[in-house]
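Observations on chain architecture
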Amino acid sequence: MYLLKIFMYGIGFFLITILAQYSIYKIRNNVPQNKNGVMVGKNAIIALCMLGLISNNIYFLSAVIGLAIADEIGKIMGWSK
């Protein structure tokens, strides 16, 4: 049960990040974008790490891993910068 919950957090954050990046890319395709994107880069990862430390919840580690992998895939696909 413990391992299943860890996988659910990781896969859930992965899917949410990929879907958010793709939908924002499609909505704002022709709009100039600035450096402060949504769910990109180190800022979101640091925020999740701090939230996990404050709440003392190990499941945020898998959420960070899922978010980081999805963020890199989004950058490769050109959905975020």
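To keep things clear, this report deals only with the structure shown in the data block.

Basis of the calculations
Residues numbered from 1 in each chain as written. Predicted model: local features only at pLDDT ≥ 70, side-chain atom pairs only at ≥ 80, totals over all residues. Heavy atoms only, no water. Helix = DSSP H or I, 4+ residues; strand = E, 2+ residues; numbered from the N terminus. Buried < 20%, exposed > 50% of the residue type's maximum accessible area, 1.4 Å probe, protein only. Contact = heavy atoms within 4.5 Å. Areas by Shrake-Rupley, 256 points an atom, 1.4 Å probe, with all protein chains shown as cover. Phe/Tyr/Trp six-rings, centres within 6.5 Å; stacked < 30°, edge-to-face > 60°. Axes fitted to C-alpha atoms, helices over the stretch in contact; angles between N-to-C directions. Parallel < 35°, antiparallel > 145°, perpendicular 65-115°, else oblique. Left-handed = near helix turned anticlockwise from the far one by under 90°.

A look at the overall build of the protein
Broken down by element type, the protein carries 3 helices and 0 strands. Starting at the N terminus, the α and β elements of the protein follow one another as α-α-α. Put simply, the protein has 81 residues, and 26% of those count as buried. Restricting the contact set of the protein to residue pairs at least 6 apart, pairs at least 24 apart contribute 66%. Summed over its atoms, the accessible surface of the protein is roughly 5,900 Å², and 71% of this surface lies on carbon and sulfur atoms.

Notes on the packing of aromatic side chains
Within this structure, the stated rule accounts for 2 aromatic pairs. Pairing Tyr-2 with Tyr-59 gives two aromatic rings, centres 5.8 Å apart and planes at 50 degrees, and the pair type is tilted. Taken as a pair, Tyr-2 in helix α1 (residues 2-27) and Tyr-59 in helix α3 (residues 59-77) lie far apart in primary sequence, 57 residues in all. In this structure Tyr-59 comes out as buried when scored by relative accessible area, which is 13%. Here the aromatic rings of Tyr-9 and Tyr-59 are separated by 5.3 Å at their centres, their planes lie at 10 degrees, and the arrangement is stacked.

As for the packing of α1 against α3
Close contact between α1 and α3 brings their axes to 7 Å; oriented N to C, the two are set at 30 degrees. By the angle between their directions, the pair α1 and α3 is classed as roughly parallel. Helix-helix and strand crossings are classified by hand; for α1 and α3 the assignment is right-handed. For the pair α1 and α3, contact is made by Tyr-2, Lys-5, Ile-6, Tyr-9, Gly-10, Phe-13, Phe-14, Thr-17, Ile-18 and Gln-21 and by Tyr-59, Ser-62, Ala-63, Gly-66, Leu-67, Ile-69, Ala-70, Asp-71, Ile-73 and Gly-74, respectively.

Examining unusual backbone geometry
We note that Asn-56 has phi near 55 degrees; this positive angle belongs to a residue other than glycine. You can see Asn-56 is positioned in the loop between α2 (41-55) and α3.

A closer look at the environment of Val-64
Its location among the elements puts Val-64 in helix α3. Looking at Val-64, the relative accessible area reads 12%, which means it is buried. Those residues in contact with Val-64, other than ones at most four positions away along the chain, are Ile-45, Leu-48 and Cys-49.

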